[in-house]
Structure formats: C-alpha cells, structure tokens
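Listed below, chain by chain, are the residues.
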Amino acid sequence: MSGYFEGVLVLLAINVVFAYGAYLPLAAGQLNLGIAGFAAVGAYGSAYLSDTFAIHPILAIPIGAMFAGLIALLVAVPVLRTRGIYLALATFAVGQIVRAAILNLEFLGGAAGYPVSAFVGLPVVLGFALAVIVVVMVLFATRFGIALRAVQDDERVADLMGVEVRGFQMAAFILGAAVAGIGGGLYAHHFSYIEAQYFNIGLSISIVLYVLLGGTQTAWGPLIGATVFTLLPELLRGSASLRYVVFAAGVIVLMALRPQGLLTRATIQRLFDWRNPPIPGVPMASGRGQ
Amino acid sequence: MIGQQIINGVTLGSVYAMVAVALTLSIGVLNFLNFSIPGLFMIGGMALWALLDAGIPWPLAVVGALVIAVAASLMVERFTWRWLRGAPHFVPLVSSMAFLLLFEHIAIAYWGSDMRVVPEAFSGGDWRIAGLVIGIPQLMGLLCSIALVAGLSWLLASTRTGRALRTIAEDPDTALLLGVDINRVVSVVFIVAGLFTALAGILFAINYRQVHPFMGEAVGLKGISAMIIGGMGNIWGSIVGGLIIGTTEVFAISYFGADFVDLAVFGLLLAILILRPTGLFRGMQPVRFGI
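Reference entry: report on the structure contained in this document. No experiment lies behind these values; they were computed from the predicted model shown. (Residues numbered from 1 in each chain as written. Chains lettered and ligands numbered in written order. Predicted model: local features only at pLDDT ≥ 70, side-chain atom pairs only at ≥ 80, totals over all residues. Heavy atoms only, no water.)

Some details on the packing of helix α3 (residues 57-79) of chain A against helix α8 (residues 165-191) of chain A
All names here are of chain A.
And step 1. At a minimum axis separation of 7 Å, α3 and α8 run at an interaxial angle of 145°. For α3 against α8, the interelement crossing comes out right-handed. Where α3 approaches α8, its residues P57, I61, A65, A68, G69, A72, L73, V75, A76 and V77 are matched on the opposing element by R166, M170, F173, I174, A177, A178, G181, I182, G185, L186 and H189.
And step 2. Here the contact of α3 with α8 is built from residues that sort into 16 nonpolar, 4 polar and 1 charged. (Axes fitted to C-alpha atoms, helices over the stretch in contact; angles between N-to-C directions. Helix = DSSP H or I, 4+ residues; strand = E, 2+ residues; numbered from the N terminus. Left-handed = near helix turned anticlockwise from the far one by under 90°. Contact = heavy atoms within 4.5 Å. Nonpolar A, V, L, I, M, F, W, Y, C, P; charged D, E, K, R; others polar.)

Structure (structure tokens):
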C-alpha cells in the first residue's frame with residue numbers, strides 16, 4: 001500500500017469517527033459546535049496517559065475518550081439548559097474554552113504543542129473507526145435510536161409520548177463527546193504531535209458540515225458525508241485552498257438543492273427495500289418501509 | 001496606564017461592536033445566525049489593502065472595499081435566507097458557514113495566506129492628552145460606529161423600511177400577508193450587515209495596519225460573544241457588549257498574557273449563556289429559538 005493511500009485512509013477513518021461524534025447530538029436535534037474541544041480532550045488525555053504512564057495507546061485512547069465524556073457530563077447539565085441557537089453557541093464557547101485552557105497548561109506543552117511518542121498504525125485506526133461505526137449502528141437499531149429520532153422529529157410530541165427527552169439528549173451529547181474523544185486520541189497517536197491550534201472552530205465546523213451533508217436522518221449519513229467530502233477534495237489536484245473553495249461551493253449548492261443531506265430515509269428505502277418502495281409525495285411513517 | 005488600557009480596549013471594542021451589530025440585526029430580524037460575517041469582515045480589510053496596493057487613492061479604496069463587501073453580502077443572502085426559507089432551521093447557518101470557508105479560501109487563492117501590511121492612513125495623527133495617546137483612526141472608529149448605530153436605530157424606529165423589518169422580526173408570514181415585500185426588505189438587512197462588517201474590517205486594517213485571510217475568525221467569534229452579552233437582537237446592547245469584550249481582552253492581555261484572552265472572553269460568554277441567556281440587556285426571548 002502506498003504511503004499516500006494509507007494517509008488518505010487514516011484521514012478518512014478519523015474524519016468518520018469525528019463525524020459520528022457530531023452526529024449523535026444532531027440526531028437528537030442539538031447542534032454541537034464544540035466537537036473540536038472534546039476531540040482535544042481525548043487527544044491530550046490519551047497522549048498524556050500513554051506518554052507519562054506508558055499505557056498502551058489501545059487502552060489510553062478509550063480512557064481519553066472517557067475524559068472527553070466526563071467533561072461533557074460536567075458541562076451538559078448547565079449547557080443543555082439552553083436550547084436551539086443558544087445551545088449551539090454554548091457548545092461553541094465550551095470548545096473555545098478547552099482550546100484556550102490547553103494553551104495555558106504548561107504540562108500539556110501550552111502553545112508549543114505536545115509530542116506523542118507512542119504510535120498507532122493504520123490497522124488500529126481502522127479498527128477503532130469500524131468499532132465506532134458498528135456501535136452507533138447497533139445503538140440506532142435499538143429503542144435508543146428510535147427515541148432519538150422521535151426527539152429530532154418533534155421534541156414536544158416525543159415528550160408527550162413519554163420519551164425522556166432531556167435524558168436522551170444528555171446521553172447523545174455525552175456519547176458524541178466521547179466518540180469525538182476517540183477521534184482525537186487516534187489523531188494524536190497516529191500523527192505523533194498535537195497542538196491546541198489544530199482543534200479550532202474551523203475543525204468543529206467542518207465536522208458538522210460532513211454530517212449535515214451526509215444527512216442526519218439515518219446513521220449512514222455521517223459515514224457517507226465524511227467519506228464523500230474527504231475523498232472528493234483528494235481527487236481534485238491543485239492547491240489546498242482551491243480544494244476548500246470547491247468543498248464550500250459544494251456545501252452551498254447541496255444545501256440549496258437538497259437541504260436534508262445526501263442520504264435520507266426515503267433514499268435508503270428506494271435503494272434497498274424493493275417490496276415497499278416509498279410513494280412520492282407521501283411522508284414516511286418510519287424508516288423501515290412500514 | 002489604566003487610562004491608556006481603557007482607550008485601547010474601547011478602540012478594539014468598537015470594532016467588535018460593529019461586527020456584533022451586524023450579527024444582532026441578522027438574528028433579530030431574520031432569526032438567522034449569519035456565520036459569513038467574519039468573512040465579510042476579512043473582505044473589507046483585504047479588499048482595502050488590495051485596492052491601495054493597486055495604487056488607488058484612500059477615499060476610493062475605502063468605498064471600493066465597502067462595495068465589494070456589500071456585493072458579497074447580497075450573494076450570501078441569495079443562497080442562504082432567500083433560497084432556504086422554510087428549510088430546516090440549521091440550513092441557512094450551515095450555508096453561511098460554507099460561505100465563510102469560501103471567502104477565506106478565495107482570498108488565499110488570490111492574495112496568498114501571508115500577513116499584509118496596510119500603509120499608514122494619517123501621518124502624525126496621534127493626539128496626546130494628559131499623557132494618553134489617542135490615535136485619530138481610533139477616535140474616528142468609535143465616532144463612526146456610534147453614528148452608524150444611531151442611524152440604524154433611527155432607520156428601524158422611524159422609517160417605512162424599519163417598520164417592515166420589525167414586522168418581519170415579529171412574524172415573517174404575517175408580514176407577507178400585510179403586503180411587506182419581504183425579499184426587498186430583507187436585502188436591506190444584508191446590505192447593512194455587509195456595510196457595518198466591512199467598515200469594521202477597514203477600521204481594523206487602519207488601526208492595526210495588518211490584514212490576512214483569517215483575520216475575520218477571531219474578531220467574528222468575539223463579535224458573537226459581544227452580541228450575546230448585549231442581548232441578541234438588541235442593537236445598543238451589542239455596542240456595550242463589544243466594549244466589554246474589547247476592554248476585557250486588553251486588560252487580560254496586560255495582566256495575564258495573550259494566551260489567557262480566549263479563556264477570559266469565552267468563559268465570560270459561557271457564564272452569560274448559562275446564567276442569563278438573554279444577555280445583560282433585554283434581548284429576544286430564548287423561546288423563539290427552540291428547535
């Protein structure tokens with residue numbers, strides 16, 4: 001396997017993990033603009049563990065993710081009191097605070113960055129990414145997924161139906177933060193160096209864009225979105241800024257033509273459920289062709 | 001020394017305040033968090049530099065930069081609010097984020113990612129009063145923003161367009177029923193937003209004499225903080241919020257160092273969001289923003 005191809009695959013796997021981190025809260029109707037902050041907690045947490053206590057990365061990365069989840073738990077109670085745009089801005093503030101805090105922590109290298117000596121290769125990165133995908137898919141096939149979908153579609157109705165809205169939103173928020181932490185840990189241990197500036201608002205925005213482009217209706221959306229928008233720029237030769245121009249223009253056009261994202265429940269049903277094709281113009285009761 | 005810090009804080013704060021006014025107008029009237037505004041700020045500053053670099057005299061360069069930014073703002077309007085009315089609430093937000101990326105990377109493609117130096121606007125233009133240094137650009141910036149905001153409040157309170165805008169802020173559907181030409185009136189919001197933001201970018205370029213393609217991000221994020229602290233949708237609140245953020249930043253730098261600034265500013269933002277989400281002054285009710 002060529003070095004270039006391997007590099008693209010690693011990037012793809014990490015982006016997919018990040019995308020699922022943003023997807024979980026979005027599936028419950030919450031826009032988390034602080035994903036990069038939670039990724040940073042996972043990255044620095046796991047790197048510190050593997051560096052200082054010589055813990056194997058395969059163990060350190062999940063522990064780092066638990067740190068990210070823990071931070072999310074701490075901020076979830078006050079932050080999730082806010083709603084809509086206020087929630088998005090509160091998560092944005094949390095992400096910025098995490099980044100700023102790392103810049104001020106000497107034992108994490110501050111502004112100079114943090115070199116990571118332990119290394120994980122492509123197989124481990126792919127393994128973690130696959131595990132995240134499988135866990136989220138399984139989770140969304142259970143009552144948890146159905147409840148989240150109900151909350152996303154209409155919070156008030158879900159509440160009336162007896163869904164514990166706040167509980168599910170908190171769970172999705174914390175779980176999403178932990179998943180983003182895994183992505184951060186993978187990034188730290190593959191690229192052997194992390195700096196606070198990498199985990200900026202631009203990263204959070206790109207991750208959220210992957211998910212919304214893929215579509216939030218199904219658990220396949222983040223996978224498709226992250227894959228298409230990681231690989232598409234790679235196909236375009238040319239300067240890095242030109243790739244971003246194409247990416248951004250693609251987002252604008254796609255949002256104008258297909259605001260629900262590339263992949264919707266109806267699309268999946270049309271593609272894979274031959275017995276019950278969707279009727280055009282009729283809203284779908286459920287994603288499973290019933 | 002403290003006096004000088006306050007002056008520097010107010011200078012920086014008036015830039016944040018103008019960005020915050022643009023943001024707050026957009027969210028107050030359209031319920032739309034316009035993330036392309038940091039990009040418009042950058043366009044204002046960089047277009048000024050590019051026009052001056054091409055040998056165009058100062059007054060024309062300023063006007064040219066404003067025109068370019070307003071045109072960009074109207075393009076954002078076409079593809080966010082106008083096109084996407086009735087789409088899920090996050091769609092305009094996402095598209096405006098994409099516009100921010102688009103503007104930044106077009107600027108890099110054209111002008112490169114280096115820091116550019118803007119020539120001095122006024123030679124020998126510092127006033128010294130009782131040991132304090134007040135730059136003419138600084139003073140001009142503050143006066144400019146106060147005058148513009150006064151003009152904007154007059155527009156909103158006393159003109160036909162202002163009444164139409166307030167109707168749209170209450171309820172766009174009702175406004176449509178009452179015969180308000182929504183598309184025409186809404187473009188006023190984007191023109192004003194583009195004008196304020198670009199002017200802030202130009203003032204920033206004159207005061208600090210350097211521009212680069214990512215100059216909008218830090219300022220835009222602090223403009224968002226200023227908007228929330230002042231109360232979303234409250235124009236005069238945004239001015240106060242901008243001045244608070246500006247002085248907080250300057251004092252944080254001088255007492256704790258530059259790395260501490262973001263911690264102070266965004267910590268303040270988070271505290272306000274949790275304790276008093278409507279801001280210091282009466283902003284809009286959070287209920288309106290329920291998903």
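Next comes the rest of the write-up.
Concerning a positive patch on the surface
Residues and elements named next belong to chain B.
And step 1. A contiguous patch of positive charge on the surface is contributed by R160, R163, R166 and R184.
And step 2. It is helix α6 (residues 160-170) that contributes the most residues to the positive patch, 3 residues altogether.
And step 3. Relative to the assigned elements, R184 resides in helix α8 (residues 182-208). (Patch = residues over 30% accessible without salt bridge, like charges linked within 9 Å, V, L, I, M, F, W, Y side chains within 5 Å. Areas by Shrake-Rupley, 256 points an atom, 1.4 Å probe, with all protein chains shown as cover. Salt bridge = Lys/Arg side-chain N within 4 Å of Asp/Glu carboxyl O. Lys, Arg positive; Asp, Glu negative; His and termini not counted. Charge placed at Lys NZ, Arg CZ, Asp CG, Glu CD.)

Details of the pattern of salt bridges
As a working rule, side chains carrying opposite charge can pair if their charged atoms are close by.
And step 1. A complete count under the given rule lists 3 salt bridges over all chains for this structure.
And step 2. A salt bridge links D262(B) to R99(A); the nearest nitrogen and oxygen atoms lie 2.7 Å apart. Note that D262(B) is positioned in helix α11 (residues 261-275) and R99(A) in helix α4 (residues 84-104), a pairing that runs across two chains. Each member of the pair D262(B) and R99(A) is classed as buried.
And step 3. Taking the shortest distance from any N to any O, the salt bridge between D262(B) and K222(B) comes out at 3.7 Å. (Buried < 20%, exposed > 50% of the residue type's maximum accessible area, 1.4 Å probe, protein only.)

Remarks on the packing of aromatic side chains
Residues and elements named next belong to chain A.
And step 1. Tallying each qualifying case throughout the model produces 24 aromatic pairs over all chains.
And step 2. A ring pair is formed by Y198 and F199, whose centres lie 5.0 Å apart and whose planes are at 85°; its orientation type is edge-to-face.
And step 3. Classification of F199 by relative accessible area gives buried; the value is 2%. (Phe/Tyr/Trp six-rings, centres within 6.5 Å; stacked < 30°, edge-to-face > 60°.)

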